[in-house]
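Listed below, chain by chain, are the residues.
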Amino acid sequence: MILIDGKKTADDIKLEIAEEVKQLLAEGKKQPHLVAILVGHDGGSETYVAAKCKACEVCGFKSTLIRYEDDVTEVELLARIEELNNDDDVDGFIVQLPLPKHISEQKVIEAIDYKKDVDGFHPINVGRTSIGLPAFVSATPAGILELLKRYNIETAGKHVVVLGRSNIVGKPVAQLLMQKAYPGNATVTVCHSYSKDLKEQCLKADIIIAALGSPNFVTADMVKEGAVIIDVGTTRVPNANTKSGFKLTGDVKFDEVAPKCSYITPVPGGVGPMTICSLMKNTLLAGKKAIY
Ligand code: GUN
């Protein structure tokens, strides 16, 4: 069994990006600039945005954090997005989700110029991704593909079972893995809460991508010997033995599943670190105006 080290892979990629940024600057080109909008003080969002700004520093990007209180109006937020769309110094920007209930997340996402949508959430980027056109691919699916690539895991002709059909993980990763490309050319089955034969499907899988947000859902009796397991789950499960009072728990019962696998991602330290790294890759693409 090979443990897929997402932390090391992400660190390597950030160093590669930093090298490329140095090269860009040496050629007199502009320093890529990422802006993050954070509304309110949600603990998880604060942590994620701080990590994104830190990663920008490591990559040599300029980063700007714009903060609003919870009571910001949708109109105010949309006006700021319009300003960022028109600001030539800003290559890409994100609005950290979730947003307060009185603001429509979909309206916000669709207000972002798709050429600056480094989260890859705009319907134009989602659509382009699904038909294989150049696009900003959202962070988690892009991170999963990068791990498969960096560990030389074969996907062509393999049976991939994706557990979960969310717009930001399940659907796009299924689309990407069925494309005529590497990683891709796989036979993909997407299972979800209405699937009746989920265990049987999993037992046929060469690769399982677990993205349901259900802690320890995938057990050893659902996994074929030698399968590749990608665990996207990151549920905070209360735990009295940790300082934070919770334990980040994946969708896969790691201890019993790992011995059966050829490759497996741990939680934490697997897919998680790759997501911010994918955002950095998208910011570099935005800086180079590679998606237009
Ligand atoms: N909230 C949780 N994950 C994400 C993400 O990838 N992007 C944004 N904008 N918000 C998030």
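Every value quoted in this text rests on a predicted model; they were computed, and no experiment measured them. (Residues numbered from 1 in each chain as written. Predicted model: local features only at pLDDT ≥ 70, side-chain atom pairs only at ≥ 80, totals over all residues. Heavy atoms only, no water.)

All right, on to the sheet that holds strand β1 (residues 2-3) then. If you trace the six strands from one edge of the open sheet to the other, you get β1-β11-β8-β7-β5-β6, paired in parallel fashion. Each edge of the open sheet carries a strand with a single partner, namely β1 and β6 (187-191). Across four bridges, the pairing between strand β7 (residues 207-210) and strand β8 (residues 228-231) is parallel. Bridged to A210 within β8 is D231. (Pairing = 2+ DSSP bridges. Helix = DSSP H or I, 4+ residues; strand = E, 2+ residues; numbered from the N terminus.)

So, about the site of the ligand. In the neighbourhood of the ligand, the contacting residues comprise K52, V95, Q96, L97, D119 and F121. In the model, a nitrogen atom of the ligand is placed 2.9 Å from a nitrogen or oxygen of the L97 main chain. Within the side chain of D119, an N or O atom sits 2.6 Å from a nitrogen atom of the ligand. Out of a free accessible area of 280 Å², the ligand has 74% covered by protein chains. For the shell around the ligand, the per-class residue count stands at three nonpolar, one polar and two charged. (Near = heavy atom within 4 Å. Polar contact = N/O pair within 3.5 Å; in protein donor to acceptor, adjacent residues only side chain to side chain. Areas by Shrake-Rupley, 256 points an atom, 1.4 Å probe, with all protein chains shown as cover. Nonpolar A, V, L, I, M, F, W, Y, C, P; charged D, E, K, R; others polar.)

Before going further, it helps to spend a moment on the packing of helix α2 (residues 43-59) against helix α10 (residues 271-287). Remark: α2 packs on α10, axes separated minimally by 10 Å, with the N-to-C direction vectors making an angle of 55 degrees. Relative to α10, α2 is oriented oblique. Both α2 and α10 take part in a crossing whose hand is right-handed. Residue-level inspection shows Y48, A51, K52, A55, C56 and C59 of α2 in contact with α10, the latter providing I276, L279 and M280. Residue classes in the contact of α2 with α10 are distributed as eight nonpolar, no polar and one charged. (Axes fitted to C-alpha atoms, helices over the stretch in contact; angles between N-to-C directions. Parallel < 35°, antiparallel > 145°, perpendicular 65-115°, else oblique. Left-handed = near helix turned anticlockwise from the far one by under 90°. Contact = heavy atoms within 4.5 Å.)

What the three strands build is an open sheet, ordered β3-β2-β4; its pairing is parallel. On the outer flanks of this sheet lie β3 (62-68) and β4 (92-95), each paired with one strand and no other. The sheet shows a mean angle of 15 degrees between the axes of neighbouring strands, direction not considered. Direction of pairing for strand β2 (residues 33-39) relative to β3: parallel, over a ladder of seven bridges. Directly across from V35, in β3, lies its bridge partner T64.

Following the sequence through the fold, E74 ends up in helix α3 (residues 74-85). Setting aside residues no more than four positions away along its own chain, E74 makes contact with H102, I103, S104 and K107.

This part covers the nonpolar core. With 48 residues, the main nonpolar core has I17, F61, I144, L177, I209, I230 and M280 as its most contacted residues. With eight residues, the single largest contributor to this core is α10. In this structure, I209 is in contact with I144, V160, V161, V162, L163, V173, L177, I230 and V232, ignoring residues within four places of it in sequence. C191, C202, A210 and V218 belong to the second-largest nonpolar core, a separate cluster that totals 18 residues. (Core = buried A, V, L, I, M, F, W, Y, C linked by side-chain atoms within 4.5 Å. Buried < 20%, exposed > 50% of the residue type's maximum accessible area, 1.4 Å probe, protein only.)

With that settled, the discussion passes to the pattern of salt bridges. Once the charged atoms of two side chains with opposite charge are near each other, the side chains can pair. For the coordinates displayed, the defined rule picks out 18 salt bridges. Between E16 and R150 there is a salt bridge; the shortest N-O distance is 2.8 Å. Remark: R150 occurs in helix α6 (residues 139-150) and E16 occurs in helix α1 (residues 6-26); sequence separation between them is 134 residues. Under the relative-accessibility criterion, E16 is labelled partly exposed at 40%. Between E19 and K22 there is a salt bridge; the shortest N-O distance is 3.4 Å. Of this pair, E19 and K22 both sit in helix α1, separated by three residues, roughly a single helical turn. Assessed through its relative accessible area of 48%, E19 is described here as partly exposed. The exposure class of K22 is exposed, given its relative accessible area of 55%. (Salt bridge = Lys/Arg side-chain N within 4 Å of Asp/Glu carboxyl O.)

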